[in-house]
Amino acid sequence: MAEHIGAGVQIYYIHGCSGDDTNTQTGLHDANHFGTTGAWQTIQKAFDVLNAETSNSAFDGAEFHIMKTTDDSLYYRPTSTLHCTWDSHEVAFHGSNITGGVDGTVVEIHGGSGGATAIMYIDEPSGGNDYVTFSHLKFDGEDTSTYCVDMIRSNASGSIIDLDYVNCQFMQATSHGIYTHYDPFYTNYINCRFNDNGGDGLNQTSSNFSMMYKCLFDGNAGRGGHIGAFNRLAECVFYNNGSYGAQINGNGAVVTNCVFDSNTDHGAWFTGSRQGFDINCIYSNNGGAGAVYGSEKPHTGFNSAFGGNGA
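Below, the structure is looked at part by part.

Cut-offs used in this document
Residues numbered from 1 in each chain as written. Predicted model: local features only at pLDDT ≥ 70, side-chain atom pairs only at ≥ 80, totals over all residues. Heavy atoms only, no water. Buried < 20%, exposed > 50% of the residue type's maximum accessible area, 1.4 Å probe, protein only. Helix = DSSP H or I, 4+ residues; strand = E, 2+ residues; numbered from the N terminus. Pairing = 2+ DSSP bridges. Axes fitted to C-alpha atoms, helices over the stretch in contact; angles between N-to-C directions. Polar contact = N/O pair within 3.5 Å; in protein donor to acceptor, adjacent residues only side chain to side chain. Contact = heavy atoms within 4.5 Å. Phe/Tyr/Trp six-rings, centres within 6.5 Å; stacked < 30°, edge-to-face > 60°.

Turning our eyes to something else, we now look at the pairing of strand β9 (residues 147-152). Burial analysis of β9 places five of its six residues in the buried class, the great majority of the element. Across five bridges, the pairing between strand β6 (residues 118-123) and β9 is parallel. Across the sheet, residue Tyr-121 finds its bridge partner in β9, namely Asp-150.

Put into structure tokens, the structure is as follows:
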């Protein structure tokens, strides 16, 4: 798969085994990956550069390519939680192949030996950690890290807007795969998987206007997803979770072409007090009801199939 990069795009490289955090990178997309002007070694180095350069517009629109190594579990195992706290840089972090190209190669980030709270910690500072993309990354808590990603707001008036995860996986946290402490807006998850976590796969209870597209929530000890208001879910699967397949705030929700199957409790529980919709969904083989709509709450279900549920 060929990679097409605009002439003005700055790209910085991270290579866990051959990089060096003392290197000086120019950000040119044809830069040497190795040597003294080549890749950094750690992801935290890239975060630190952005954290320090809060007013440097040169980083706006930049990409950071985390390069595949011979053993990601060795070379991408942070000794402490990765801290993402910069203001107002619209950047992207992509897992990349061994030469730094973005072709769908997934890079693994492990949390077994560091970051007991989370593998990655995203803070909401004064300006906003907005319009940031993470793609082609697998966050593996190895049943040690509490969360794979922990999103928290230290600025009482702020909120993350349009944080995107594409082709990412969040697995084996002792609690939730992703946990948000406040109201992120327009957080999007595309082709992501949340699996085998000790709590919920995704716990984003007070989010607004989030989108989940073609995501898989499976094997979590709690709910597959606990999802806030005005959400959009399309072509997602909630399978074999230890509680509900999903608990969804039905206020303004639009859920289409999703499957809720073989969950211990209800397939889906819609809460809230405003109109929501679920359309063309399948609710099957769940221990509780296929779908539960909150008492006397307006909600419209259309053209969905139910079978083999316990209630």
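Here the focus is the sheet that holds strand β20 (residues 237-239). As summarised here, the arrangement of the nine strands in space is β5-β8-β11-β14-β17-β20-β23-β26-β29, forming an open sheet in which the pairing is parallel. Looking at the sheet topology across the chains shown, the edges are occupied by β5 (107-110) and β29 (305-307). Sheet twist, expressed as the mean angle between neighbouring strand axes with direction ignored, is 5°. Pairing analysis gives three bridges linking strand β26 (residues 282-284) to β29, with the strands arranged parallel. Bridged to Tyr-283 within β29 is Phe-306.

The next subject is the side chain of Asn-203. Along the chain, Asn-203 falls in strand β15 (residues 202-208). Polar side-chain contacts of Asn-203 include one of 2.8 Å to the side chain of Asp-200. In contact with Asn-203, not counting residues within four places along its chain, are His-176, Ile-178, Tyr-179, Thr-180, Arg-223 and His-226.

For the coordinates displayed, the defined rule picks out 21 aromatic pairs. On the numbers, 5.1 Å between centres and 90° between planes, the contact of Phe-47 with Phe-93 is edge-to-face. Separated by 46 residues along the polypeptide, Phe-47 in helix α1 (residues 43-52) and Phe-93 in strand β4 (residues 92-96) bring together distant segments of the chain. With a relative accessible area of 1%, Phe-93 lands in the buried category.

Function cannot be inferred from these measures alone, as they are strictly geometric.
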